[in-house]
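The primary structure of each chain is shown beneath.
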Amino acid sequence: MVMILIHHCIAHGLGLTAFEPEFHSTLLIPDSWLPAAMISNSFCICAVNCFVLISGYFGIRTSGKKIWYLVFALLFYTVLFAILPAIFRHEYRSALRFSLFLSHSTYWFVIDYIFLMAFTPMINLAFEKLSHKVNNRFVIALLIISCYFGFMFSHVANQNGYTLLQFILMYCIGRIIRRDNFSLSKIQSISGYVVCSLLAGLFTIAVWRFAPSYTWRTTYYNNPLIIAAAVFLMLFFKDLVIDSPKINSVAKSAFGIYLFGSAPLLMRIQKEYLGEVAHLKLGGVLIISVLAISLVVAVFALLFDCIRIYLYNVTEKLINKNQ
């Protein structure tokens, strides 16, 4: 989640999304800094795929309670950081749109994750009942659709990796890793992650140099290099034995960190601050600022999410009491 926050600081805060017209962004850093920003971004952008990989590895057991847990979190952060700020700015039409928080949410990741949960019972059953060959062919088909047709030729099935199909693909890869108990040595896995991330960054730089209008496409989540980097990163941590109640407690707020840090209000504040820092034209200060903002946002998100967890527990008690 911290990697996702760093990615957001670089892509949205520094304006790398300016390479994608639909974002209506402005690039805030000079061209001379772009290669470093692109390389840094390439090492963090695999985190979204990695999150879904982890879900596939452990398996999602869909239930009404788990779906309500996500819906409540989505509602909580949407009200506080989207609906209320829109009302205070007298943007009532935006507030009304945000109130349809499932169909008009700015949190695409959580919505797609909820969609994924609708399919996981069937996916889990397929991996339990069908042969390895059938499951492997299914994943290969998903890879071809996502990486060849989607990433290379913008097919609508999975045009950019911000899709349910991408989540199903990563979830299934996680299932295969668990099924086959696939492992690599720590050196192999971290080397694979570094090489794939570096190649993804160099690919972005090359496209920026020779075909600028396609620059942002290289950061799509169905980029094969970004998918491979996520797999290698997960494999690095897979066999580590970490038994810590504190880590388990923090893990409950994983979605909270994302929802807090990705809130439109927080994103706007980050962009304004980083824009001011960028005007100083001090690369070292800018790098430190990106890291500092990401860590500070993560810490505040953990603290703030305690309120959300408390309110959720209250609603759970009320629901159980009335049943």
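The rules we used
Residues numbered from 1 in each chain as written. Predicted model: local features only at pLDDT ≥ 70, side-chain atom pairs only at ≥ 80, totals over all residues. Heavy atoms only, no water. 1 Å grid on protein atoms, 1.4 Å probe; cavity = no way out; pocket = protein on both sides within 12 Å on 5 of 7 lines; lining within 4 Å. Points joined across faces, edges and corners; volume = space filled by probe spheres on them. Helix = DSSP H or I, 4+ residues; strand = E, 2+ residues; numbered from the N terminus. Axes fitted to C-alpha atoms, helices over the stretch in contact; angles between N-to-C directions. Parallel < 35°, antiparallel > 145°, perpendicular 65-115°, else oblique. Contact = heavy atoms within 4.5 Å. Nonpolar A, V, L, I, M, F, W, Y, C, P; charged D, E, K, R; others polar. Buried < 20%, exposed > 50% of the residue type's maximum accessible area, 1.4 Å probe, protein only. Left-handed = near helix turned anticlockwise from the far one by under 90°. Salt bridge = Lys/Arg side-chain N within 4 Å of Asp/Glu carboxyl O.

**Looking at the layout of surface pockets**
Thinking step 1. Quantified by volume, the largest pocket comes out at close to 1,800 Å³.
Thinking step 2. Around the largest pocket sit 39 residues that line it, and Phe51, Ile54, Phe58, Ala251 and Ala254 are the ones nearest its centre.
Thinking step 3. Of all the secondary-structure elements, those providing two or more residues to the lining of the largest pocket are helix H1 (2-13), helix H3 (47-58), helix H4 (64-88), helix H6 (108-129), helix H10 (224-238), helix H11 (245-251) and helix H12 (254-261).
Thinking step 4. Per-element tally for the lining of the largest pocket: the top contributor is H3, with 7 residues.
Thinking step 5. Here the second largest pocket is characterised by a volume of approximately 620 Å³.
Thinking step 6. Lining the second largest pocket are 25 residues, with His12, Phe23, Thr106, Trp108 and Tyr162 sitting closest to its centre.
Thinking step 7. Contributions of two or more residues to the lining of the second largest pocket are made by H1, H6 and helix H13 (264-278).
Thinking step 8. Looking at the lining of the second largest pocket element by element, the count peaks at 4 residues for H1.

**A word on the packing of H6 against H12**
Thinking step 1. Where H6 contacts H12, the axes come no closer than 10 Å and their chain directions differ by 140°. One way to sum up the angle between H6 and H12 is to call them oblique. For the pair H6 and H12, the contacting residues are Trp108, Phe109, Val110 and Tyr113 in the first and Phe255, Tyr258 and Leu259 in the second.
Thinking step 2. Broken down by class, the residue content of the contact of H6 with H12 amounts to 7 nonpolar, no polar and no charged.

**As for the environment of His7**
Thinking step 1. Turning to its location among the elements, His7 is positioned in helix H1.
Thinking step 2. Taking relative accessible area as the criterion, His7 reaches 4% and is therefore assigned buried.
Thinking step 3. Between the C-alpha atom of His7 and that of Cys46, which follows or precedes it by 39 residues, the distance is 9.4 Å.
Thinking step 4. Ignoring anything within four residues of it in the chain, the contact list for His7 reads His12, Asn41, Cys44, Ile45, Trp216 and Tyr221.

**What about the packing of H4 against H12?**
Packed helices, taken two at a time, are described by the angle their axes make and the gap between the axes.
Thinking step 1. Packing of H4 against H12 leaves a shortest axis separation of 10 Å and a crossing angle of 25°. Between H4 and H12, the crossing angle belongs to the class labelled roughly parallel. In this structure, the crossing between H4 and H12 has a hand that is right-handed. Of H12, the residues touching H4 (which contributes Leu70, Ala73, Leu74, Tyr77 and Phe81) are Phe255, Gly256, Leu259 and Phe260.

**Concerning the environment of Leu5**
Thinking step 1. Following the sequence through the fold, Leu5 ends up in helix H1.
Thinking step 2. Classification of Leu5 by relative accessible area gives buried; the value is 4%.
Thinking step 3. For the pair formed by Leu5 and Val250, sequence separation is 245 residues and the distance between their alpha carbons is 16 Å.
Thinking step 4. Setting aside residues no more than four positions away along its own chain, Leu5 makes contact with Ile257, Gly261, Ser294, Val297 and Ala298.

**Examining the pattern of salt bridges**
Working definition: two side chains of opposite charge can pair if their charged atoms are close together.
Thinking step 1. Using the criterion set out here, one finds 6 salt bridges in the structure.
Thinking step 2. The salt bridge partner of Lys65 is Glu316, with a shortest N-O separation of 3.9 Å. Taken together, the residues Lys65 in helix H4 and Glu316 in helix H14 (residues 283-322) connect sequence positions 251 residues apart.
Thinking step 3. On the accessibility criterion, Lys65 (55% relative accessible area) is exposed.
Thinking step 4. Linking Arg179 and Asp180 is a salt bridge whose minimum nitrogen-to-oxygen distance equals 2.8 Å.

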